[in-house]
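Analysis of the macromolecular model
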Amino acid sequence: MSTSSSLQTYPSLSGAQIRQTFLEFYAARGHQILPSASLVPEDPTVLLTIAGMLPFKPIFLGQRSPEFLRATTAQKCIRTNDIENVGRTARHHTFFEMLGNFSFGDYFKKEAIAWAWELSTEVFKLPPNQLVVSVYEEDDEAFAIWRDQIGVPPQRIIRMGKKDNFWVSGPTGPCGPCSEIYFDFHPELGDDNIDLEDDTRYIEFYNLVFMQYNRDAEGNLTPLQAQNIDTGMGLERMAQILQRVPNNYETDLIFPIVKAAAAIANLDYAACDEKTKVSLKVIGDHVRAVVHMIADGITASNLGRGYVLRRLIRRVVRHGRLIGIERPFITEVAETAIALAETAYPNLRHREQAIMAELQLEESRFLETLDRGEKLLAEILETVPAGGQIAGRDAFTLYDTYGFPLELTQEIAEEKGLTVDVAAFEAAMEEQRQRSQAAHETIDLTVQESLDSLAENLHETEFLGYTETASTAEVKLLLREGKPTEQVEAGTEVQIVLDKTPFYAESGGQIGDRGYLSGESVVVRVSDVKKEGSIFVHFGRVERGTLRVGDRVTAQIDLACRRRAQANHSATHLLQAALKKLIDENIGQQGSLVAFDRLRFDYNYSRPLTPQEIEQIEEQVNTWIAEAHGAQVEIMPLTEARARGATAMFGEKYGDEVRVIDFPGVSMELCGGTHVANTAEIGLFKIISETGVAAGIRRIEAVAGPAVLEYLNVRDRVVRDLSDRFKAKPEELPDRITALQAELKATQKQLEAVKAELALAKSDQLLEKAETVGSFKVLVAEMTGVDAESLKTAAERLLQKLGDGAVVLGAAPAADKVALVAAFSPTVNQKGLQAGKFIGAIAKICGGGGGGRPNLAQAGGRDASKLPEALADARQQLLAGLG
């Protein structure tokens, strides 16, 4: 995209200078400079920050009032919808920075256009004859401003349709026309037939959105009372223009990362072919993305934004392989990426340790499976004819077993001119998902079908359980074995729907209440409650009498169970707050269970907690419990809850109104569960275990309230029993057990030494059985009463005494266990016999296998009755091979 030197009169600025110049320009015009928002948006229903305006969307939609009427930002963004174009085109990226200026009901088109032109031509000094603008085809006002006030020739103002130049926030809501500024790399070609789709000549670098309408459900547009401005200048694109390089990757924002990767691969970027350059560009782009993602608290997983991170890291590893990097390298390249951006984004250096740890962990995990996965994929590719399709089931196996993202398989297939049966892949994924759901399904499907068919005749169950523990209610529906019935007798398992209930139904990780329903002559024990839509289903057994549809009953929850659930649920909130405070503020809930006897909390983190950290968390939670923090429960708009800083779970669907549980100064979460009124009601908190359940996901299991005493009583009984057995005080048990372990280890070593000596003694007796074959000695024999290690020692000793030759020994320690060993001298190897291959084949006779080095190898089998046959075969092969 070079142009003649006479046209290139604009200065060359670094990426950092462009960013700072943009912000200072608008700050001088009354805009408040705001820091970049996190790549993790406030809205838990949005995966990643994909645009500069996203942090201001609640303002544009009228959900929140602005603190400032004018603002300017440099916003980091992530988009992966065009990931296949990264490295292949001049300007596609996953990570990019969007420079923006925003007006919230203040200035509008005239000022926005004038400032954009002033910044472009007078500050960045882009020649006006190299700029082209676009406007929405019906926006005569913008066209007139560009032509009459700015002075752009009409032939360089291009009208475009809705697809390109009309912004909408959704099917309804704020919307408006856009106007864009393009840089022309070849103005010498003239103004005839300008085609802004020609990206070899034009690059869009500044987009101005004029939010001036509201669109209703019928598509009618009405002017907004407060009109807004949302603009975006691509930092990487402006850097490409001002630095006069052929693509965004060769700007100072990315090229140092590319060069770092090239240096590791011992490559000279300028001398590389196009395919290698693509891989280097992918590495440069993706490493830039992942360091920012991890810095903002994202950890690799198989869900949501964690999956995006894992996918990007694995693409880096694979493209590293494609250019010859066979060892771990991401952290080296990441250091360059951090150094490039730390001035603008200081949290990169603050989070450097976490970034490096996560990258190292993910890279090592992927490398473990990459070799096997690539081999399997290579085998699959060999079976697919040219231009054919990889089976979806095979792609799913690569994903499920070897951690190959579907997109990676598609990318490799595309390089070979093949495609992947995505529909079949999705079907296999859905099968697995259904199997997983079936494993956790607790409501009889016939119950759900009956409820679905009867739903239109059932009203929403009124839940009273936040304030009441007992209430009168009417029986609206009875189900026996999933079928509606008018009455049920004593001894019957039944599902009951009431018009209202104090029973909490399982949701949000908290299990359903237990209790009783009682009438004049009937008692039903309720063992569980589940929710189907807005209907509460009580699962129980009729203990006495007959229950009929229409009966009035008293619904009474088990208060002891409810208190236990409340204690565990509130303790879960305190646990999350302690993890955020003491371990990492970016930790978030990935799942939970609140039962009567325990709690479980899954969270995103890349490493196990240390014993010291677990103690600190326990101490912090118990301190909050002792401080007796009162709970404040409020129903409020979702936007207000987020503005106050309430924690929400990603992926959870929330309505416009949400319930907030606030222990002031400690924890504030969106939650529909039941909780203690004061943390002092929890009593005590104790962590039982901390384990890993998936890549990047940890699990804490704990107990709270009365369950702590039960847990400690069990431990106490165990300690008392051990003290009696070992004749030691509880505090002496660790030393006593350590001493016994040392004694046992020493005894085992002595036993192994005796076994080895016995094997050597037995082996000496075998020397006389050695056969001479030419210049070689061959010994094949069975030994009794020895293990595999002793057998190996004996074989080595026998070969040492025999000199040139071959020794094969076998033993059968048990009826289902066979041990085999082969020891060959170098001269035997020269005859073409390799111990590893030889003994592996012999072991198959015994239903086993094995292998090893050419001179020494071990194998095993499962059928001891075949050992004589195997040794006989070994003898025949050696005699034939050495004769």
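Quantities reported herein were computed from a predicted structural model and do not represent experimental measurements.

Tallying secondary structure elements over the chain gives 25 helices and 35 strands in all. Relative to its 883 residues, the chain shows a buried fraction of 49%. Here the analysis covers contacts within the chain between residues at least 6 apart in sequence; of these, 67% occur between residues at least 24 apart. A total of about 40,700 Å² of accessible surface is found on the chain, and carbon and sulfur atoms cover 49% of it. Averaging the coordinates of the 94 positive side-chain charges in the chain and doing the same for the 125 negative ones gives two points 6 Å apart.

Quick look at the side chain of Gln510 now. Counting through the fold element by element, Gln510 comes out in the loop between strand E17 (500–501) and strand E18 (515–518). Judged by its relative accessible area of 0%, Gln510 is buried. Among the polar contacts listed, one links the side chain of Gln510 to the side chain of His569, at a separation of 2.7 Å. Those residues in contact with Gln510, other than ones at most four positions away along the chain, are Tyr504, Ala565, His569, Val594, Gly673 and Thr674.

Sheet topology places strand E3 (residues 95–104) next to strand E9 (residues 221–234); five bridges connect them, and they run antiparallel. Bridging from a neighbouring strand, Phe102 pairs with Asp230 of E9. Bridge count for strand E8 (residues 202–215) against E9 is nine bridges, and the pairing is antiparallel. What sits directly across from Arg215, in E9, is Leu221. Linking E8 back to E9 in an antiparallel pair, the connection comprises five residues, with Gly219 at a positive phi of about 90 degrees.

Turning our eyes to something else, we now look at the sheet that holds strand E32 (residues 805–814). One open sheet accounts for six strands, arranged E30-E31-E32-E33-E35-E34; its pairing is mixed. Each end of this open sheet is capped by a strand with a single partner; those strands are strand E30 (771–773) and strand E34 (849–852). The sheet shows a mean angle of 15 degrees between the axes of neighbouring strands, taken without regard to direction. In terms of strand pairing, E32 meets strand E33 (residues 817–824) through seven bridges, oriented antiparallel. Among the inter-strand pairings, Val808 is bridged to a residue of E33, identified as Ala822.

What follows is about the sheet that holds strand E26 (residues 657–663). Ordered by their spatial adjacency, three strands build an open sheet running E25-E26-E27, and the pairing between neighbours is antiparallel. With one partner strand each, in any of the chains shown, strand E25 (632–637) and strand E27 (667–670) form the two edges of the open sheet. Direction aside, the axes of adjacent strands within the sheet are offset by 25 degrees on average. As judged from the four bridges shared by E26 and E27, these two strands associate in the antiparallel manner. The residue bridging Ile661 from the neighbouring strand is Glu669, located in E27.

Before going further, it helps to examine the nonpolar core. Leu126, Trp146, Phe205 and Tyr206 are the most contacted members of the largest nonpolar core, which has 118 residues in total. The element best represented in this core is helix H8 (residues 274–295), accounting for 11 residues. Not counting chain neighbours up to four residues away, the residues in contact with Tyr206 comprise Phe22, Tyr26, Asn101, Ala116, Leu119, Ser120, Ser179, Glu180, Ile181, Thr231, Gly232 and Met233. Formed by 30 residues, the second largest nonpolar core is a distinct cluster that contains Ala577, Tyr603, Ile617 and Val676.

The buried fraction of E8 amounts to 10 of the 14 residues, a majority that puts the element mostly inside the structure. In this structure, strand E7 (residues 173–184) lies alongside E8, joined through 10 bridges in antiparallel fashion. The residue bridging Pro174 from the neighbouring strand is Asn214, located in E8.

Calculation notes
Residues numbered from 1 in each chain as written. Predicted model: local features only at pLDDT ≥ 70, side-chain atom pairs only at ≥ 80, totals over all residues. Heavy atoms only, no water. Helix = DSSP H or I, 4+ residues; strand = E, 2+ residues; numbered from the N terminus. Buried < 20%, exposed > 50% of the residue type's maximum accessible area, 1.4 Å probe, protein only. Contact = heavy atoms within 4.5 Å. Areas by Shrake-Rupley, 256 points an atom, 1.4 Å probe, with all protein chains shown as cover. Lys, Arg positive; Asp, Glu negative; His and termini not counted. Charge placed at Lys NZ, Arg CZ, Asp CG, Glu CD. Polar contact = N/O pair within 3.5 Å; in protein donor to acceptor, adjacent residues only side chain to side chain. Pairing = 2+ DSSP bridges. Axes fitted to C-alpha atoms, helices over the stretch in contact; angles between N-to-C directions. Core = buried A, V, L, I, M, F, W, Y, C linked by side-chain atoms within 4.5 Å.

Purely spatial values, then, with no claim about function.
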